[in-house]
Amino acid sequence: MRNRLSWSTASKIAWREARASSAKFLFVIVAVAIGVGSLTGVRGFSRAFYGMLLREARTLMAADLSLRVFAIPNAQQTATMDQLIRRGVRRTWITETLSMVASTTVPNPVLVSIKAVDAHVYPFYGEVKLDPPGSLARVLTADSVAVSEDLLLRLKVAVGDSVRLGGQPFRIIGVVTSEPDRMSGSLNVGPRVMITREGLDRTGLMSIGSRASERYLFRLTPGSPGIEEVRQTLQKSFPEALIADFRQTHPIITQGLNRATTFLSLVSLIALIVGALGVATAMQAHLQQKMDSIAIMKCLGARTREIIQIYVLQTIGLGLAGGLMGIAFGSVVEAAFPPLIARYFHLRPEAHWDPSTAIQGLAVGILTTLLFTLPPLLGIQRIRPGVIFRREMAEVRPGWKQRLRDARASLVAGGVILCGIGVIAGWLQIGTLRESVRTGVAFVVALVISLLVLAAIAWLLLRSVRTFVRRCPRRFPAPIRHGVANLYRPGNHAQAALVALGIGVMFTLTIFLVQRGMMAEMFKSAPPGMPNVFLLDITAKERDPIVDLIRAQRGIEGAPDVVGTVAAKVVSIDGKPIDSLNLKAWGRRFQRARAVAQAAERPAHTVIVQGAWWNSRAAQPEPQLSITEEAAQILHAHPGSHMEWEAAGRTIRARVAAIHRIDSIHMYGRIEFIFSAGTLDGLPIIYYGGVRVAPRAVAQLQRATYEKFPTVTVVNVADVLEIVQQVVDQIALVVRFISMFAILAGIVILASSVAGTRFRRIREVVILKTLGATRRRVAGIFSVEFMVLGAVAGLMGSLLATAFSALLLKRWLDADFRVDPLPNLLCIVLTALVANAAGWMASYRILGQKPLEVLRAE
Amino acid sequence: MIQVSGLTKTIATPTHRVDILKGIDLEIPRGQFAAIMGPSGSGKSTLLGLLAGLDSPTSGHIVLDGEDITGLEEDELALLRGRKIGFVFQSYHLIPTLTAEENVLLPLELSGHAADGVERARELLQSVGLLDRRDHYPVQLSGGEQQRVALARAFVVRPPILLADEPTGNLDTANGQVVLELLITLNRREGTTLVLVTHDQQVSEQADRRITLRDGRVVLDA
């Protein structure tokens, strides 16, 4: 009985073999490193960011505990807070809202985010940094403001100048260069204006029902109750409020971070899979070249299991080397993140080496490499020792049953690969086990479909190119025909390189097309009648004069649409309390006060889908209510249901008469609940308006409105879209940055595939040279090969990207899709050039090969 | 036609120097069939490679068809080969991605005369008995068939000189005989100068002249 091959001997043989093929394996290692690098980079940054959020939790909240409320606290809630203050807890109140600021230097007022603070107390932690330097408590008074630098630029003013806010003059005392809780605040559109509470009162901007975000910040003192007690007390008193304390990261930021990390991790996984596909093809080519050695080893008595053991070790070694290189590369990727998101996150997490991310990256790298090399490794068992004696004999093609039987191992391997990838994808998902399982399954299904479609298209395109070049009545020049013929070179793996490059191109172009499609949809000129200017926070007293003022303006393209709303909260539906409905995600908004309206007649553009609108002339026995389809579905309401509401201390009971549908572009489209006329009389009503104005007349309307009604905020949709575009661009930039790794991996695989055929290429170069070809001619043939491969990958990627973007835009984003040939064309050309560069990178040296050296060796 | 004078070739490695050719002087007139013989390592293939301009000599001169090729650049040599030299290898060296006909056409394409070459390629494939297999790829042909395609390829540009390096070395006796007969027939028909390297006494007996090399020198020329 012979001893088993020891692991150390197997390692020695594996190392010896790998060393002999070091150039070829370098590409494999780089391909794995790219995927692992992008993954560890994303996750490393995410962990560092998370760690920073936790470490700096107090500073980022400017408090020990933050309480965000969606309505002004009632008497009982105020009493609860006062009780805590008496026990030593300190409190400060922050109000954030939107308004208009004007200066004398530019005619148009600017939309700003206002933050009203008590400068003597705020912030409890961290510091508001001003330029010129100074303490906020000392310099900010009731008649001054501190502003962000962009406001100075837009209003063409300087520190010391005066601006008008709500019609009142305020002197700019400095530029806010940093504020600790900017990230956990809200309504961060437009430049910042920091003001004192007294200053805000002076503007007259805040009236009951005004759109504002209110936060209370708390600080514990040595004698005060502990954080848990304070939190519990507030939770009980403010069940709808959003509470965060220093022991956790801010829930909104964390949620966003987790989603972004999962998404970018999965994109990185795609890059890794592209790399792993390359490893698989490289390993297959390697094993094909090693067929003789394997057959000889088998002749010499090595068992299949032992040979597989050698190559498994080699694969693990490659995965390990790629993983280690990837970890180093990941730190570069991690460092690239802060500048990418600098616009919205001014904080820079400290770069530090995180072993858990590195181990995760390493494990994922080795596992993915091993999974994808399973098929060629299992193929070792099919190599018969006799191959060295009868290689020249053509193999008889077996029947399909036999082939299916032979493929059994490959099918099993395929199943294992998919399960493995599913597990990895699930592991990368940050969240519950259920979410992980869902992500894993979805990722695998999407991957299988994409790979099958890509492989099918790659096969079809390659075949079409060959048929076209062969059958075309006009004979193509020789370099083109030879270049194309080279794509079918044995062991070229053109299809695999095509799929790898195609995935990268498809991904990157899809992101670009979706981003462009979304922005085009938003910027598309609005349908006639749709408002492009919105007026916020109009009081009852201002309603009629403002409508008259707007009507009198030039460039008005329709009557202003004004809706009066009241903040009201659902208490129960058919006797069931709202809290018992177990609302999820976006549905939770119904637990808070919503803006509701009243109307006598059915508003224009409203379609009743169930029930009937009430007869406005007949007296109603009880208030009637029409609700939107979506709200009805979430709240399980139907015509005949009874809903109880609470608004400004008054209880309203109303019967659901109708379920309606309205497009979101009209003012009523924003209102989910419309009561019968008279129901809301006597309650504090705040009006919102919308009007269609010729774009050139918008500035004049803003000026005129601000002159007479300085507390009314006039929002030009075009300005808001600009802000939205900046955000979308920023997100797209990050996603594109990561998706480029998939292209990079594709390039490396192409180079690796070219490197894998190096010996065949050398032989061909030599034959061609012997037959009289110049180096230029040979270079032409190779360039055609690489360019055709790149162009086909580009074509495939752009075809699929177009299809995917059309699907995403039409189905999910409800936007129009128009095929634009330019980006697709550009993509094809660029991919062709990149492929050419990659191909030459791997083969430029063979051009200078001396023929005789090679011929003698044959 | 072929004039070789004072030809030497030395290969230097970091540890030692090998003199492969130690001063060869030869003259092969137009239309002659010369067989170069000699044991392994005698320098036969190196001499043939130098005649084809596939490598440069350490010293000496080679004049082909009145043109001294010794100082030519790599690409100039390639162009010269395309015009004047046909080559037949022991291992056939067909391009695996091209069909038999495309392989035969290749030298014409490289010299820019492909347009009127299809006729010529088919005529040669007919001569070597493979016209009906012109669309087959090398992998679909036997060794003997591949060598016949290589013969057709070598003659396609009507080169004045044909160099053959053990053209029957990889073939069995029957196939070897067929290939050799074809080579001689085509040589006579096309009027080329044929220089053939061989180990095989029987093959050399069919040549007009036999040049024997040993240790890098001509030891017999008859």
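Residues numbered from 1 in each chain as written. Chains lettered and ligands numbered in written order. Predicted model: local features only at pLDDT ≥ 70, side-chain atom pairs only at ≥ 80, totals over all residues. Heavy atoms only, no water.

Peer 1: How should the overall build of chain B be read in this particular structure?
Peer 2: Helix and strand counts for chain B come out as seven helices and 10 strands. Scaling as 2.2 N^0.38, a compact globule of 222 residues should have a C-alpha radius of gyration of about 17 Å, and chain B matches this with 17 Å. With the C-alpha coordinates of chain B rotated into their principal frame, the extents come out at 50 × 35 × 35 Å. The buried share among the 222 residues of chain B stands at 55%. Pairs at least 24 apart in sequence give 70% of the contacts found in chain B among residues at least 6 apart. (Helix = DSSP H or I, 4+ residues; strand = E, 2+ residues; numbered from the N terminus. Rg over C-alpha atoms; globule rule 2.2 N^0.38 Å. Buried < 20%, exposed > 50% of the residue type's maximum accessible area, 1.4 Å probe, protein only. Contact = heavy atoms within 4.5 Å.)

Peer 1: Looking at this model, I keep getting lost on the interface of chain B and chain A. Mind explaining?
Peer 2: Accessible area lost upon the coming together of the parts serves often as the stated size of an interface. Across the boundary between the two partners, chain B contributes 29 residues, which contact 29 residues of chain A. For the side of chain B that touches chain A, the secondary structure elements donating two or more residues are helix 1 (44-51), helix 2 (74-84) and helix 3 (100-110) of chain B. Residue composition of the side of chain B that touches chain A, grouped by class: 14 nonpolar, eight polar and seven charged. (Nonpolar A, V, L, I, M, F, W, Y, C, P; charged D, E, K, R; others polar.)

Peer 1: Sorry if this is basic, but what is going on with the pattern of salt bridges here?
Peer 2: Pairs can form between side chains of opposite charge whenever their charged atoms are close. Residue and element names in this part refer to chain A. The tally for this structure, following the rule as stated, stands at 33 salt bridges over all chains. A salt bridge links Arg87 to Glu229, with the nearest nitrogen and oxygen atoms 2.9 Å apart. Remark: Glu229 occurs in helix 8 (residues 227-237) and Arg87 occurs in the loop between helix 4 (75-86) and strand 2 (90-102); sequence separation between them is 142 residues. Residue Glu229 is classed as partly exposed on the basis of its relative accessible area of 36%. Residues Arg215 and Asp181 are paired through a salt bridge, measuring 3.2 Å at the closest nitrogen-oxygen approach. Pair noted here: Arg215 is in strand 9 (residues 212-219) and Asp181 is in the loop between strand 7 (168-178) and strand 8 (192-196), with a separation of 34 residues, a long-range link. Through salt bridges with shared partners, a single network forms among Glu96, Lys115, Glu179, Asp181, Arg192 and Arg215. (Salt bridge = Lys/Arg side-chain N within 4 Å of Asp/Glu carboxyl O.)

Peer 1: Sorry if this is basic, but what is going on with the sheet that holds strand 10 (residues 217-221) of chain B here?
Peer 2: The strands making up a sheet associate through backbone hydrogen bonding, with each pair oriented either parallel or antiparallel. All names here are of chain B. Here six strands make up an open sheet; going across it, the order is 6-7-8-3-9-10 and the pairing mixed. Both edges of this open sheet fall to strand 6 (85-88) and strand 10, since each of them pairs with a single strand only. Taking the axes of each pair of neighbouring strands and ignoring which way they run, one obtains an average angle of 20° across the sheet. In this structure, strand 6 lies alongside strand 7 (residues 161-165), joined through four bridges in parallel fashion. Among the inter-strand pairings, Phe87 is bridged to a residue of strand 7, identified as Leu163. Running at roughly 85° to strand 6, helix 2 makes contact with strand 6 and strand 7 of the sheet. (Pairing = 2+ DSSP bridges. Axes fitted to C-alpha atoms, helices over the stretch in contact; angles between N-to-C directions.)

Peer 1: Looking at this structure, I do not really get the confidence of the model for chain A. What am I missing?
Peer 2: One rule of thumb: low pLDDT means the predicted coordinates there are not for detailed reading. Of the residues in chain A, 90% have a pLDDT of 70 or more, and the chain-wide mean is 81. For residues 389-396 of chain A, every residue scores under 50 in pLDDT, and the model assigns this stretch two contacts once sequence neighbours within four places are set aside. (pLDDT = per-residue confidence, 0-100.)

Peer 1: What am I meant to see in the pairing of strand 6 (residues 162-165) of chain A here?
Peer 2: Regular strands place their side chains on alternate faces of the sheet. Residue and element names in this part refer to chain A. Residues Val163 and Leu165 line the buried face of strand 6, whereas the alternating positions Ser162 and Arg164 sit on a face that is not buried. In terms of strand pairing, strand 2 meets strand 6 through two bridges, oriented antiparallel. Directly across from Ala102, in strand 6, lies its bridge partner Arg164. Judged from the four bridges that link them, strand 6 and strand 7 form a sheet pairing that is antiparallel. Bridging across to strand 7, Val163 finds its partner in Phe170. Where strand 6 folds back onto strand 7 in an antiparallel hairpin, the turn is made up of two residues, including Gly166, whose phi is positive at roughly 55°.

Peer 1: Explain unusual backbone geometry here, please?
Peer 2: Trans is the prevailing form of peptide bonds, just as negative phi is the prevailing case for residues other than glycine. Cis peptide bonds are those with omega within 30 degrees of zero, and the linkage from Tyr122 of chain A to Pro123 of chain A qualifies with -10°. Mapped onto the elements of the fold, Pro123 of chain A is located in the loop between strand 3 (110-117) and strand 4 (129-131). Across the junction of Asp131 of chain A and Pro132 of chain A, the peptide omega takes the value 0°, indicating a cis bond. By the secondary structure assignment, Pro132 of chain A is in the loop between strand 4 and helix 5 (136-139). In this model, Ala62 of chain A sits at a positive phi of 65°, which is unusual for a non-glycine residue. With respect to the helices and strands, the residue Ala62 of chain A is situated in the loop between helix 3 (57-61) and strand 1 (65-69). For Glu166 of chain B, which is not glycine, the phi torsion reads 45° and is therefore positive. The topology assignment puts Glu166 of chain B in the loop between strand 7 and helix 6 (173-190).

Peer 1: What is the right way to read the nonpolar core from this model?
Peer 2: In globular proteins that are soluble, nonpolar side chains generally tend to be buried together. Ranked by size, the top nonpolar core spans 130 residues in total, and within it Leu269, Tyr311, Phe372 and Ile421 of chain A carry the most contacts. In terms of residues, this core owes the most to one element, helix 9 (residues 251-289) of chain A, which gives 17 residues. Excluding its chain neighbours within four sequence positions, the residues that come into contact with Ile421 of chain A are Ile273, Thr368, Leu371, Phe372, Phe443, Val444 and Leu447 of chain A. Grouped together as the second largest cluster of nonpolar side chains are 35 residues, Phe33, Tyr92, Leu130 and Leu180 of chain B included. (Core = buried A, V, L, I, M, F, W, Y, C linked by side-chain atoms within 4.5 Å.)

Peer 1: Looking at this model, I keep getting lost on a nonpolar patch on the surface. Mind explaining?
Peer 2: Residues Leu433, Val437, Val441, Val445, Ile449 and Val453 of chain A make up a contiguous nonpolar surface patch of roughly 540 Å² in combined accessible area. Assessed through its relative accessible area of 44%, Val445 of chain A is described here as partly exposed. (Patch = residues over 30% accessible without salt bridge, like charges linked within 9 Å, V, L, I, M, F, W, Y side chains within 5 Å. Areas by Shrake-Rupley, 256 points an atom, 1.4 Å probe, with all protein chains shown as cover.)

Peer 1: Any chance you could explain the environment of Val693 of chain A here in plain terms?
Peer 2: All names here are of chain A. Positionally, Val693 belongs in the loop between strand 20 (686-691) and helix 21 (698-708). Counting along the chain gives 133 residues from Val693 to Pro560, while the straight-line C-alpha distance between them is 9.6 Å. In this view, Val693 contacts Asn532, Val533, Gly555, Ile556, Glu557, Val698 and Leu701; residues no more than four positions away in its chain are not counted.

Peer 1: What is the right way to read the packing of aromatic side chains from this model?
Peer 2: The description of an aromatic ring pair uses the distance of the two centres, along with the angle that the planes make with each other. Residue and element names in this part refer to chain A. One pass over the structure, following the stated rule, counts nine aromatic pairs over all chains. Where Trp93 meets Tyr216, the ring centres are 5.9 Å apart and the plane angle is 10°; that geometry is what we call stacked. Here Trp93 is found in strand 2, whereas its partner Tyr216 is found in strand 9, with 123 residues between them in sequence. The class of Tyr216 is buried, set by a relative accessible area of 6%. The interplanar angle of 50° and the centroid separation of 6.2 Å between the aromatic rings of Phe782 and Phe786 together place this pair among those described as tilted. Note that Phe782 and Phe786 are positioned in helix 24 (residues 775-812) at a spacing of four residues, about one turn of the helix. By the burial criterion, Phe782 is buried, and Phe786 matches it. An aromatic cluster is present here, built from Phe590, Trp645, Phe673 and Phe675 joined pairwise through their rings. The ring centre of Phe170 lies 4.2 Å from the NZ or CZ of Arg202, which sits over that ring. Here the basic side chain of Arg761 rests over the ring of Phe782, its NZ or CZ set 5.2 Å away from the ring centre. (Phe/Tyr/Trp six-rings, centres within 6.5 Å; stacked < 30°, edge-to-face > 60°. Lys NZ or Arg CZ within 6 Å of the ring centre and 35° of its normal.)

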